[in-house]
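Residue-level structural notes
Below are the chains, spelled out letter by letter.
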Amino acid sequence: MKNTIAIIGGTGRAGKFLAKSAVKKGYNVRMLVRTPKESLLDDPNIILIQGDARNPNDILSLLSGCHAVINTFGQPNKAVPLYSKITALVIQTMKELEIKRYIGVTGGSLDIDGDKKSVLNKIGAMAFRILYSEMMKDKRKELHLLQASKLDWTLIRLPFVKENEKSKAIKEDDFDMPGFNISSRDIARFMIEQLHNPYYIGKTPFISN
């Protein structure tokens, strides 16, 4: 039996490549969408669940029968941050359904104890804390929820995301951002690779091209 993955944020920047990348690797996909996209409806391995990530019943419907969760939920920088609220709901539902593997994304500006960021990256992180203080507080709260969850979680820290770029080599680092941007395709590829790779469980790796 094929493993089934739940995807939240599947119509966003990284998310749009996720479903098809997962299917190519042999997974079934359940994806939460506000409006079903025609381009995904023709694949029998992708089931679209129409709903809202803030709704507990929709998250329960999405996660039922899944073996892992990939969360790429995103929103505009100036919007009231919902990351921790949605992640808390996902964690609670995963525990109820006994799903262990969680893979999410966050910004490279999120500082974590043990980081060894370059001066430039430290300045960038400081700027984000000032310009987007509410979002960064919520992102830290999201991390703390995962750290306390006892799930097999990985939270991937990203630089600037480039749309429609060709796939390139992915650089990985535990302590600092190795580059300034990454393609949406490569984020999807890296996330799918983590589904059965235990190396980054309980970690917050940086990736870039």
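Refer to the preceding data block for the structure.
Residues numbered from 1 in each chain as written. Predicted model: local features only at pLDDT ≥ 70, side-chain atom pairs only at ≥ 80, totals over all residues. Heavy atoms only, no water.

Okay, the overall build of the protein next. Secondary structure assignment for the protein yields seven helices and ten strands. Its C-alpha atoms give the protein a radius of gyration of 16 Å, within 12% of the compact-globule value 17 Å for 209 residues. Dimensions of the protein, computed from C-alpha atoms along their principal axes, come out at roughly 50 × 35 × 30 Å. Residue pairs at least 24 apart in sequence account for 69% of intrachain contacts in the protein once pairs closer than 6 positions are excluded. Taken as a whole, the protein presents about 10600 Å² of accessible surface, with 54% of it coming from carbon and sulfur. For the protein, the separation between the mean place of its 32 positive charges and that of its 22 negative charges on side chains is 2 Å. (Helix = DSSP H or I, 4+ residues; strand = E, 2+ residues; numbered from the N terminus. Rg over C-alpha atoms; globule rule 2.2 N^0.38 Å. Contact = heavy atoms within 4.5 Å. Areas by Shrake-Rupley, 256 points an atom, 1.4 Å probe, with all protein chains shown as cover. Lys, Arg positive; Asp, Glu negative; His and termini not counted. Charge placed at Lys NZ, Arg CZ, Asp CG, Glu CD.)

Turning next to the environment of glycine 114. Looking at the secondary structure, you find glycine 114 in the loop between strand E5 (101–107) and helix H5 (119–131). Between the alpha carbons of glycine 114 and alanine 22 there is a distance of 32 Å; along the sequence they are 92 residues apart.

The next thing to look at is the pairing of strand E4 (residues 68–71). A two-sided burial pattern is seen for E4, the buried positions comprising Ala68 and Ile70 on one face and Val69 and Asn71 on the other. As defined by bridge partners, strand E1 (residues 4–8) adjoins E4 across four bridges and the pair is classed as parallel. Bridging across to E4, alanine 6 finds its partner in valine 69. Note that E4 and E5 share four bridges and pair parallel. Following the sheet pairing, alanine 68 is matched in E5 by arginine 101. Read from E4 through helix H4 (residues 83–97) to E5, the crossover connection turns out right-handed. (Buried < 20%, exposed > 50% of the residue type's maximum accessible area, 1.4 Å probe, protein only. Pairing = 2+ DSSP bridges. Right-handed = clockwise from strand over helix to strand, strands pointing away.)

For the rest of this paragraph, the subject is the packing of aromatic side chains. For any pair of aromatic rings, the description rests on two quantities: the centre-to-centre distance and the angle between the ring planes. Within this structure, the stated rule accounts for four aromatic pairs. A centroid spacing of 5.1 Å and a plane angle of 50° characterise the contact between phenylalanine 128 and tyrosine 132, whose relative ring orientation is tilted. Plain terms: the ring middles of phenylalanine 190 and tyrosine 200 are 6.1 Å apart, the flat faces sit at 50° to each other, and that makes the pair tilted. A residue pair is termed long-range when its members are at least 10 positions apart, and phenylalanine 190 in helix H7 (residues 184–194) and tyrosine 200 in the loop between H7 and strand E10 (206–208) qualify at ten residues. For tyrosine 200, a relative accessible area of 5% puts it in the buried group. Members of the aromatic cluster, connected to one another through ring pairs, are Phe190, Tyr199 and Tyr200. Stacked on the ring of tyrosine 199, the Lys or Arg lysine 203 has its end atom at 4.2 Å from the ring centre. (Phe/Tyr/Trp six-rings, centres within 6.5 Å; stacked < 30°, edge-to-face > 60°. Lys NZ or Arg CZ within 6 Å of the ring centre and 35° of its normal.)

Attention now moves to the pattern of salt bridges. In this structure the tally under the stated criterion is eight salt bridges. For arginine 34, the salt bridge is made with aspartate 52, and the minimal N-O distance between the two is 3.3 Å. One end of the pair, arginine 34, is in the loop between strand E2 (28–33) and helix H2 (38–41); the other, aspartate 52, is in the loop between strand E3 (46–50) and helix H3 (56–63), with 18 residues separating them in the sequence. Between arginine 157 and aspartate 115 there is a salt bridge whose closest N-O contact spans 2.9 Å. (Salt bridge = Lys/Arg side-chain N within 4 Å of Asp/Glu carboxyl O.)

Let us now look at the side chain of serine 109. Relative to the helices and strands, serine 109 is located in the loop between E5 and H5. With residues near it in sequence (within four places) discarded, serine 109 still touches Lys117, Ala125, Phe128 and Met136.

Using a relative accessible area of 1% as the deciding quantity, one classes phenylalanine 190 as buried. Each C-alpha atom of the pair phenylalanine 190 and glycine 26 lies 15 Å from the other, and the pair is 164 residues apart in sequence. Those residues in contact with phenylalanine 190, other than ones at most four positions away along the chain, are Ile156, Ile170, Glu172, Tyr200 and Ile207.

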